[in-house]
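The chain contents come next:
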Amino acid sequence: MRHALLLLLITPIAVVIGWAFPVWYGWAFLCASLLCLYAYQSWHFSRLDRWTRNPVIDTSLEGRGSWDTIFGRLYHHEKDLREQIAFREKNIDLLRSAVQALADGVVLLDLQNNVVFCNNTAEMQLGLQLAVDRGQSILHLVRQPEFVSYLEHADFAQPLTLRPERYRDRIYTIHIIPYAGSRRLMQIKDVTQAERIDQTRRDFVANVSHELRTPLTVLIGFLETLQTLELSTAERDHFLQLMMEQSQRMQSIVQDLLTLSAIESAPPPENTMIDMANLLQQLQRDAETLSQGRHRIVVASCDAGQLRGSEAELFSALSNLVTNAVRYTPEGGTITLRWDVSPHDAAFSVQDTGTGIAAEHIPRLTERFYRVDKGRSRHSGGTGLGLAIAKHAITRHQGHLEIRSELGKGSCFVAHFPINRLA
Ligand code: ADP
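Quantities reported herein were computed from a predicted structural model and do not represent experimental measurements.

**Comments concerning the pattern of salt bridges**
Where charged atoms of side chains with opposite charge meet at close range, the side chains can pair.
And step 1. Following the criterion strictly, the structure yields 14 salt bridges and no others.
And step 2. In this structure, the salt-bridge partner of Arg82 is Glu78, at a minimum N-O distance of 2.8 Å. Of this pair, Arg82 and Glu78 both sit in helix 3 (residues 66-101), four residues apart, roughly one helical turn.
And step 3. Of the residues examined, Glu78 reaches a relative accessible area of 15% and is grouped as buried.
And step 4. With its nearest N and O atoms 3.5 Å apart, the salt bridge here joins Lys409 to Glu406.
And step 5. Under the relative-accessibility criterion, Glu406 is labelled partly exposed at 45%.

**Comments concerning the nonpolar core**
And step 1. Counting residues in each nonpolar core, the largest one holds 45 residues, and the members touching the most others are Met276, Leu283, Leu318, Leu321, Trp339, Phe348 and Val350.
And step 2. Where this core is concerned, the elements lending two or more residues are helix 9 (233-265), helix 10 (276-291), helix 11 (311-327), strand 9 (334-341), strand 10 (345-352), helix 13 (386-396), strand 11 (400-406) and strand 12 (410-418).
And step 3. No other element matches helix 11, which puts eight residues into this core.
And step 4. Membership of the second largest hydrophobic core comes to 24 residues, among which are Val115, Ala122, Tyr172 and Met186.

**So, the packing of helix 10 against helix 11**
And step 1. Close contact between helix 10 and helix 11 brings their axes to 10 Å; oriented N to C, the two are set at 40 degrees. Judged by the inter-axis angle, helix 10 sits oblique to helix 11. For the pair helix 10 and helix 11, the sense of crossing is right-handed. Residues Met276, Leu279, Gln282, Leu283, Asp286, Ala287, Leu290 and Ser291 of helix 10 lie in contact with helix 11, whose contacting residues are Glu311, Phe315, Leu318, Ser319, Val322, Thr323, Val326 and Arg327.

**A few points about the environment of Ala347**
And step 1. Mapped onto the secondary structure, Ala347 falls in strand 10.
And step 2. For the pair Ala347 and Ser182, spaced 165 residues apart in the sequence, the C-alpha separation amounts to 64 Å.
And step 3. If sequence neighbours within four positions are ignored, Ala347 has contacts with Arg338, Trp339, Asp340, Val414, Ala415 and His416.

**Observations regarding helix 3**
And step 1. Taking 1.5 Å of rise per residue, 36 residues should cover 52 Å, and helix 3 covers 53 Å from first to last C-alpha, within 8% of that figure.
And step 2. Considering only its buried residues, helix 3 is in contact with helix 1 (2-20) and helix 2 (23-53).

Rules of the game
Residues numbered from 1 in each chain as written. Predicted model: local features only at pLDDT ≥ 70, side-chain atom pairs only at ≥ 80, totals over all residues. Heavy atoms only, no water. Salt bridge = Lys/Arg side-chain N within 4 Å of Asp/Glu carboxyl O. Helix = DSSP H or I, 4+ residues; strand = E, 2+ residues; numbered from the N terminus. Buried < 20%, exposed > 50% of the residue type's maximum accessible area, 1.4 Å probe, protein only. Core = buried A, V, L, I, M, F, W, Y, C linked by side-chain atoms within 4.5 Å. Axes fitted to C-alpha atoms, helices over the stretch in contact; angles between N-to-C directions. Parallel < 35°, antiparallel > 145°, perpendicular 65-115°, else oblique. Left-handed = near helix turned anticlockwise from the far one by under 90°. Contact = heavy atoms within 4.5 Å. Expected span 1.5 Å × (residues − 1).

Everything listed here is a matter of coordinates, which is why it stays silent on function.
Here's what the structure looks like:
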């Protein structure tokens, strides 16, 4: 607008000059003015051209007159655009960090099942490398047949359970969730731990049922015999005695199961001071009662020091170790109890001269219902839960159970406690 006015002003001036002076003066004035106007516009154009090639947010884009308004608008437009881009990039970064922080693996696939993005967990789980594998088909990167057929059948109502080739001991479930049309989001959960717990629970239920079924079957058999047969008093007494033994066996199993469950669900053990000298004496007396003079039971050392913890729990744990020593040591053997306190730890140990245990069984002894010799364990009144209870109770007191044994020579069970558990 301003330039049009300027042109309108120049033309009459040139006419007046041409009229007042020789005509070419007027023409010269008009040409000089137009040239100046052209130079002025060209200069602004070239600045605009330079700036649009590399827009910089600073004061370099300042002009005069109406150019200043145009430059100002461009400047603000560019600035707003940059702010919007920065804001979106920040949000995308936040979103990306949130996906990276997920414990589950996440892979985004495009319409052709090519990898668009995956988080670190997915890289680790599937052996992907986003920098290299972006744009590659997931079917070329994870070639396990069950995965390929799952993706190709495109029925994602149920997740796929996969044991990856690279980590055979792990179990993943893969959910595929369609999004943005036919794009796919793969969510990979590591369910190894949950599967193991579930398996342990199933084994446990099966074991308990099996352990209770045997004495129950025997009991029912005896009851049927009592109902159907005419028996003499001596035979009847004999059957009743056998029934009593089976009932007691079931009672021991239920009692041990209750003890285990009580320890598992109980809050951290209370902190009473346990006089270990007293405890050792009591354990020795109980062992002598169980042994009925068939073994030599010795307390070899008893250092000073009271242990902080639950007396009932620790007594139950240590008594299981001593009882086992008596039960698995043939007549004439020796059972040695010790309570040793060193600057590093405090240890209760039971050494026997019994049957000993082969090395391959040792790591599994504290599993519920695990026995080396089932017949022998049952015959001596064992439930297969004693060491599980002992280990659990010792662990609850921040200790650990050490088992050393040599087949045919004897075993040594040591309950170690940290020194801060001593009074
Ligand atoms: P159980 O009631 O069968 O004794 P435990 O959990 O107490 O169950 O022990 C598990 C198994 O460990 C036993 O069946 C036995 O085979 C073995 N065991 C435990 N203590 C000893 C020991 N002192 N000497 C030899 N074997 C032992």
